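Tertiary structure, described
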2 protein chains.
Amino acid sequence: MTSSNERFYVQYRIFGTKNAALARAKHICFEQTVEFPQELIGGGYIRSHIIGRVESFEAADKKSFSAVISYAADITGFELPQLLNVIFGNISLLPAIRVEAINLSPSILNIFDGPRFGIRGLRRLLNVYGRPLLCTALKPLGKSAAELAELAYLCARGGIDIIKDDHGLANQRYAFFKERVVRCSRAVAKANRETGRRAIYCPHISAPSDEIAGRAMFAKKHGAGGLLVSPGLCGMSAMQKVSENNALALPVIMHPAFLGSYVVNPASGISHGVMFGQIARLLGADATIYPNYGGRFSFSMDECKNIVRGANVKMGKLRSIFPCPGGGMTLERIPGMQKMYGNDVIFLVGGGLFAPGASVEENCRYFLKLITKFPLTLPSPHRVEGAKRSSLPVG
Amino acid sequence: MTSSNERFYVQYRIFGTKNAALARAKHICFEQTVEFPQELIGGGYIRSHIIGRVESFEAADKKSFSAVISYAADITGFELPQLLNVIFGNISLLPAIRVEAINLSPSILNIFDGPRFGIRGLRRLLNVYGRPLLCTALKPLGKSAAELAELAYLCARGGIDIIKDDHGLANQRYAFFKERVVRCSRAVAKANRETGRRAIYCPHISAPSDEIAGRAMFAKKHGAGGLLVSPGLCGMSAMQKVSENNALALPVIMHPAFLGSYVVNPASGISHGVMFGQIARLLGADATIYPNYGGRFSFSMDECKNIVRGANVKMGKLRSIFPCPGGGMTLERIPGMQKMYGNDVIFLVGGGLFAPGASVEENCRYFLKLITKFPLTLPSPHRVEGAKRSSLPVG
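Residues numbered from 1 in each chain as written. Chains lettered and ligands numbered in written order. Predicted model: local features only at pLDDT ≥ 70, side-chain atom pairs only at ≥ 80, totals over all residues. Heavy atoms only, no water.

A separate point is the sheet that holds strand 9 (residues 252-254) of chain A. Residues and elements named next belong to chain A. Taking strand neighbours across the sheet as the criterion, the four strands line up as 8-9-11-12 in an open arrangement whose pairing is parallel. Edge strands, defined here as strands with exactly one partner in the open sheet, are strand 8 (227-229) and strand 12 (322-326). Within this sheet the neighbouring strands show an average axis-to-axis angle of 25°, counted without direction. Where strand 8 and strand 9 come together, three bridges link them in parallel fashion. Across the sheet, Val229 pairs through a bridge with Met254, a residue of strand 9. In this fold helix 10 (residues 236-243) packs onto strand 8 and strand 9, with an angle of close to 160° to the strand it touches most, strand 9. (Pairing = 2+ DSSP bridges. Helix = DSSP H or I, 4+ residues; strand = E, 2+ residues; numbered from the N terminus. Axes fitted to C-alpha atoms, helices over the stretch in contact; angles between N-to-C directions. Contact = heavy atoms within 4.5 Å.)

All names here are of chain B. Residues Ile334, Met337, Gln338, Met340 and Tyr341 constitute the buried set of helix 14 (residues 334-341). What you see down the axis of helix 14 is that its buried residues fit within an arc of 165°, all on one side. The first or second residue beyond helix 14 is Gly342, which carries a positive phi of 75°. (Buried < 20%, exposed > 50% of the residue type's maximum accessible area, 1.4 Å probe, protein only. Arc of directions from axis to C-beta.)

Now for the interface of chain A and chain B. Across the contact, 79 residues belong to chain A and 79 residues belong to chain B. Together chain A and chain B conceal approximately 6,700 Å² of surface at their shared face, both sides included; 60% is due to carbon and sulfur atoms. In this structure, Lys139 of chain A engages Glu35 of chain B in a salt bridge whose closest nitrogen and oxygen atoms are separated by 3.7 Å. Here the side of chain A that touches chain B gets five residues from one element, more than from any other, and that element is helix 3 (residues 80-88) of chain A. (Buried area = accessible area lost by both parts, 1.4 Å probe. Salt bridge = Lys/Arg side-chain N within 4 Å of Asp/Glu carboxyl O.)

Moving on, we get to the side chain of Asn192 of chain B. Residues and elements named next belong to chain B. Within the secondary structure, Asn192 is located in helix 7 (residues 177-195). According to the relative accessible area criterion, Asn192 is buried, its value standing at 14%. Within the structure, the side chain of Asn192 is placed 2.9 Å from the backbone oxygen of Ala199, a separation counted as a polar contact. Those residues within four positions of Asn192 in sequence are excluded, and the remaining contacts are Arg197, Arg198 and Ala199. (Polar contact = N/O pair within 3.5 Å; in protein donor to acceptor, adjacent residues only side chain to side chain.)

Residue and element names in this part refer to chain B. Read across the open sheet, the four strands follow the order 8-9-11-12; overall the sheet is parallel. Two strands close off the open sheet at either side, each with one partner strand: strand 8 (227-229) and strand 12 (322-326). Neighbour to neighbour, the strand axes of the sheet diverge by 25° on average, direction disregarded.

Within the structure shown, the criterion is met by 32 salt bridges over all chains. Where Glu100 of chain B meets Arg13 of chain B, a salt bridge forms, and the shortest distance between an N and an O atom there is 3.6 Å. Of the two residues, Glu100 of chain B sits in strand 4 (residues 97-103) while Arg13 of chain B sits in strand 1 (residues 7-15), which places them 87 residues apart along the sequence. Residue classification places Glu100 of chain B among the partly exposed residues on the basis of a relative accessible area of 21%. Residues joined by salt bridges that share partners form a network here, namely Arg157, Lys190, Glu194, Glu361 and Arg365 of chain A.

What follows deals with the pairing of strand 2 (residues 53-61) of chain B. Residue and element names in this part refer to chain B. Relative to strand 3 (residues 64-72), strand 2 runs antiparallel, the two being bridged by seven bridges. Residue pairing in the sheet places Ser56 in a bridge with Val68 of strand 3. Counted between consecutive antiparallel strands, the loop separating strand 2 from strand 3 contains two residues.

Attention now goes to the environment of Lys221 of chain A. Residues and elements named next belong to chain A. With respect to the secondary-structure elements, Lys221 resides in helix 8 (residues 212-221). Taking the relative accessible area as the measure of exposure, Lys221 reaches 70% and is therefore exposed. Lys221 sits 39 residues away from Val182 along the chain, and the two C-alpha atoms are 9.3 Å apart.

Right, let's talk about the relation of the copies chain A and chain B for a bit. It takes a turn of 180° to lay chain A on chain B, together with a shift of 0.0 Å along the axis; the resulting RMSD is 0.0 Å. Classification of the inter-copy transformation places it as that of a two-fold axis. Of every C-alpha in chain A, the one belonging to Gly235 of chain A sits nearest the axis of rotation, 2.1 Å from it. Interface overlap between copies: 100% of the residues of chain A at the interface are likewise at the interface in chain B, consistent with a symmetric, same-surface contact. (Least-squares fit on C-alpha atoms with pLDDT ≥ 70 in both.)

Here it is as structure tokens:
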């Protein structure tokens, strides 16, 4: 087998003294593979092939070390759940270890179709070039399907490109999924006929696992132009199956609900860039939603830049995707955000669109005007970041 | 609708000053429901029904406060993903908030069949009473299906009750799932014929989401006596569907892989008892594996007791389940563990069974002898804990 000697790489950050961190790096090689007493392994194939290898180990800062560990590609069985398990399964139960980056080998990347549209495909679909995309969320929970559809219509009229369900919209009696999808899809289609634009409505399909495909197909059939999926709620593998379903062939926007615990503690878990960038792309996200720096959540500017990097870093043929910062963004912040993110970004403004004093449609127009005032000559920092690639060894 | 005024309760621990924690508790009420500017909500049904309510707020210790927040049951749409979202979706992205306990209402508990066997049912199935159950894991990854089956035979001969796959066994070429299941199931059946016991083999079925049901059915058809599921790898909803599948009707053992980030930071995430006790039961686990205190992981004795409490606390008709501590346990530690856990526990010993100097079968016998030396009059601390119930208000 040509792939049997292929290896992939995970860069871990390990906190503690040098000796403790090095011992822990060596421990990870066993814990994530054989989970078996080292002294009982013997000297054969299991030791030489199955067990992870510390490929490099160096100080990251005064309190932590960076260890690159390689694993044989075939221990993943070439399936997402076991890939996640090798990267971080058991050691998620240990403090002071953080997954900083992953560098997957060709045979593993082959498991994934990746983002179907990515940045270029989504622009083509929406026919929007040379500026950031605009996104909003239909809310609040408790409104009827008719009320949400009216809102969707106004937002599409006002120039929003992507009108998604709030991720708290599931199949509640206030606005059952099917009625909501039919009404909101029609409302956006009507606005599109009036404006000549190609705005899309993206319903939230994070249903129980046996109903996800059905909801997604219903949405497709009734004119939804994309799908919102929260893999923390409905499962990462379930999201992969939705994005790769050729009968759907819709853009997929990923929401971070319930995934925050992986990233919020800087000395453990998984880096922002891996979770909301690299893993998002494995799952087939075309855009990845996360709370922007300076909003009501706690992500720093550096953590947001890390996401942009993960959304763009070279991963075989997997497309680059849109970062979609949101979380309490107001219209006033858009110019500053555009300066940092450049053009290849989706601005998600929710409640901020409903600020008093103007209609929703007028607020949307103002929003659109704000971002189109900026010329294309602005720097696109994440393009530059992406070009730098990861410092990980190539497998 | 009789259920429309029903509410359920989540106890959060919030870290910070009193004023900041109280402000955050009030913020959670909005963040987890409408995610909309408070001043724009108006005074109608959405404010009175949809938004969460702070039911109590008090100091937990010098650095944190305990807030019980109630939510209308019907905002969950009576589906697991949206229930998880209301409990902790967006606020997982914030530091300094921890879910300490959940108290679900009847209409929400009705979504779940819960553990099919639980402690009593699993004892009946295995025909083992009056002592802890014994469990081991087939490992290491890299062994062939024939080698793993030989190991399964020896363990079943030696008196192990539950012989599960190591959770790193998926569908790798060393021991493909189907061959492994057929061989290991046969091996355990053969040992059972020889010993008169009713040991079970539990293969790991955390496959990609469209293959889970197929693997589970294959396992059932070929004589597996139970299933091992890692919801962190294959999705919580997927696990619920497996456990509730009446065509399977097999005991389900839950593995914590990839879920550690929710619990390892004491000032954020989800408590051990909620994740590995209460949520495990919602997903239908009959036994919940976690790393024991004092092993190679970091859980404290109190955190382990918290799991035992979550495994036993009253949750409507949902059965109590077995705590299954493991993670580097050696035979020497069993007597001390039995003192803490009492009889209603499953001791998981993996690599420790392969200690040099004796055969696997002899080690298993020694293991069994160790735990049966202890009389039934030992205190069962978690039964007492369970009887205390939660201090949460009843919905």
